[in-house]
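Take a look at the letters that make up each chain.
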Amino acid sequence: MNLKDKLVSSFLAFDDYLEDDSPIHDIRNKAIKNFEENGFPTKKEEDWKYTSLKPILNVDYSIFPKGENTVELKDVKQYFLHDIDTFKVVFIDGVYSSFLSETTHDSMDICLISSALKNDRYSALIETYYNKIAGEDSLTSLNTAFAKEGAYIHIPKNKEVEKPIEIINFVTGKEEALMAQPRNLIIVGENAHVQIIERHQSLTDNAVLTNSVTEIFAEKRAFIDYYKIQNNNSTASLIDSTYISQERESNCCVHTFSLGGKLTRNNLKFIQNGEHCDSTLKGITILKDKQHVDHNTLVQHVAPNCESHQDYKGLYADSSTGVFNGKVVVEKEAQKTNAFQQNNNILIDDKATVNAKPQLEIFADDVKCSHGCTIGQFDEEALFYLRSRGIAKNEAQALLMYAFANTVLESVKISALKTRINRIIAKKIGVNIGFNV
Amino acid sequence: MLHIKDLHASVNEKDILKGINLEVHAGEVHAIMGPNGSGKSTLASVIAGKDTFEMTKGELTLNNEDISELDPEERAHRGVFMSFQYPVEIPGVSVTNFIKTAINETRKAKGLKDMPASEMLKLIKEKADLLDIDRKFLSRSLNEGFSGGEKKRNEIFQMAMLDPKLAILDETDSGLDIDALKIVANGVNKLRNKDNAVVVITHYQRLLDHIIPDFVHVLMNGKIVKTGTKELAHELEEKGYDWIKEEINA
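This section reports on the structure supplied with the text.

### Re the overall build of chain A
Counting secondary structure elements, chain A contains 10 helices and 20 strands. Its C-alpha atoms give chain A a radius of gyration of 21 Å, near enough to 22 Å, the size a compact globule of 437 residues would have. Along the three orthogonal principal directions, the C-alpha set of chain A runs to about 70 × 55 × 45 Å. The burial tally for chain A puts 51% of its 437 residues in the buried class. Once local pairs closer than 6 in sequence are excluded, the contacts in chain A between residues at least 24 apart make up 82%.

Here you go:
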């Protein structure tokens, strides 16, 4: 049985297992129908032209993890931002781990989507926000149909969350191959501030496919600083769809660090509904071997006087492949929009490939929009400069890679995280250069 | 110290250097002058080991060791330093961290341990003072947003830190106002001693008023066509290069 058929038939059993009065019962049913009709996307679709899911669909994934698995803190501590205090919402094989988590209901909610869906206290918010901006593409629909766990974060009006929130999904490898479908809902109230770090981490060499969906709502003047760390094992694949809706004067920034994994597809969609919104999308991608990352971004400018900034840097070694498909839509009403998009790539080896496809669709007449895209190799002059100072070739290349990625790295606002990502990058590059942050 | 004999070099099979002969001894300052396109910067790059140039013929030795097949970093470890005409910007890496890395890489190549931090700081302070460099400057990203003068001063600062045996200054005077020129020249003069040598590559004579050369060589069409003393530089400044061309053709 292929994966699609297996998923569709499993849904019936899954649906029986859930209570009928679940507020999202109808949403789920509609979603599975949508998935059944459309199936997994293929390269025939324009949005998937450069990414084939075939190699990761041909695996007999377990769709429902069998039991509650545990991990020792010492084994996973390295994946937490342990040198600073954080809230944590941690899942192991899709099941909440209270032992590793630190949640709260004190003046805000940092907890589980499963409890939010069950508890009447949250029903009004669920009614208003759940699945309201998530797309209707087949992969998001698949998540909507099956999702039962994830983080639920609600930051009320004027609340400044005092420490970052980490959302971490571990996969243990107790199942031979596993499919995980976490679902996060994040609502940030008027003038509230929050920093969130999201990570998917496999602890096994077994095949893992994560199909994650996150909906984020930024109310008026909300401030959201979001980081995605994608540094998974070479047997783990991730489809990560993030939908962000911004109201007036809100500011939302997403950094995506794609540093590992077998196949990663990022769908990052912003919609600006009010005036004076600011959206920032930044990314560093460092790949090797046969790794593949596809960044598919969309910024939808609906209202006037808004800004968006995109800056994606990619470093591709060996036979790794990358895609940057960035789309900016400026609707007719969105006058005085400033939209900037930058995508720079360095191919370290001859076999590495990047496909870049910037798209601008502008229907307003008084806007400033730009996009720039480069694909190149190391600057020979720069390399010679460093080597002439006694720095060996590989270290010199590393220094240049570091410098290249730096415009993205320097905007990371959580310094402990910045240090951490610096270390990951230095390790990736395979050198130990004494640069400070 | 530096011995160059019948050196030929080409880029993309186009011959640039066509038989250079040059002997530089410890304690000496040599100036290499010549019109645009004569091969001055190529000569500097070939000595420093830039691999876009192919040395097709000749000898290139430093202290009796053939360095013609060595990588640029290996030449640096043996004491070759080149001050760049256009230093490269490296965002995110501070001047201090860059120079620390360069020094420790060189020490590593010589089988030495990293320089202790306190010693490094002392050295940085001493050399920064020598070149009148503000401490704040040292924490800025390497060459990023530096003015022309700052870039050149930073090159000489690196030279001071690395303490090379052979320093090649490639058009170090270009883009400098007279005050910056004096600071840079003064720095170079303070770094000179009986054990090192300096090769100054320049278009104009004005730098040579401050760094007094022992020998002046004129490079034209890939060859050294005339060698003299500092007076030759003055003559070139007054009369240009045409008279030398005529002299050769005569």
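From this point, the narrative continues.
### Digging into the sheet that holds strand β2 (residues 14–24) of chain B
Note on sheets: strands pair through backbone hydrogen bonds, and any given pair is parallel or antiparallel. Residue and element names in this part refer to chain B. Overall, antiparallel pairing links the 4 strands, which are arranged β2-β1-β4-β5 in an open sheet. Every interior strand has two partners, whereas the edge strands, β2 and β5 (65–66), have only one. In this sheet, β2 lies alongside strand β1 (residues 2–11) in antiparallel orientation, the contact comprising 8 bridges. Each residue of the ladder has a partner; that of L7, found in β2, is I20. Sheet contacts for helix α1 (residues 40–48): β1, β2 and β4 (54–62); angle to β2, the most-contacted strand, approximately 70 degrees.

### A look at the interface of chain B and chain A
Each side of the interface is counted separately: chain B has 23 residues, and chain A has 23 residues. For the side of chain B that touches chain A, the secondary structure elements donating two or more residues are α2 (72–77), β7 (90–94) and α3 (95–109) of chain B. Here the element with the most residues in the side of chain B that touches chain A is α3 of chain B; it accounts for 6 residues.

### Quick look at the pairing of strand β3 (residues 29–33) of chain B
Regular strands show a simple pattern: their side chains alternate between the two faces of the sheet. All names here are of chain B. Summarising burial for β3: 5 of the 5 residues are buried, a large majority. Here β3 shows no split at all, with V29, A31 and M33 on one side and H30 and I32 on the other all buried. Two elements, β3 and strand β10 (residues 197–202), share 5 bridges in a ladder whose sense is parallel. Of the residues in β10, the one forming a bridge with H30 is V199. Pairing analysis gives 4 bridges linking β3 to strand β11 (residues 215–220), with the strands arranged parallel. Of the residues in β11, the one forming a bridge with A31 is V216.

### Here's the deal with the sheet that holds strand β5 (residues 165–171) of chain A
All names here are of chain A. Strand order in the open sheet made by the 10 strands is β2-β1-β5-β8-β10-β12-β14-β16-β18-β20, with mixed pairing throughout. Two strands in the sheet have a free side with no partner beyond their single neighbour: β2 (95–96) and β20 (368–376). Pairing of β5 with strand β8 (residues 193–202), which is carried by 7 bridges, proceeds in the parallel orientation. If you follow I167 over to β8, its bridge partner there is E198. Helix α9 (residues 393–409) rests against β12 (251–258), β14 (278–287), β16 (307–316) and β18 (338–347) of the sheet, and its axis sits at about 155 degrees to β16.

Basis of the calculations
Residues numbered from 1 in each chain as written. Chains lettered and ligands numbered in written order. Predicted model: local features only at pLDDT ≥ 70, side-chain atom pairs only at ≥ 80, totals over all residues. Helix = DSSP H or I, 4+ residues; strand = E, 2+ residues; numbered from the N terminus. Rg over C-alpha atoms; globule rule 2.2 N^0.38 Å. Buried ≥ 20, exposed ≤ 12 C-beta atoms within 10 Å, placed from the backbone. Contact = placed C-beta atoms within 7 Å. Pairing = 2+ DSSP bridges. Axes fitted to C-alpha atoms, helices over the stretch in contact; angles between N-to-C directions.

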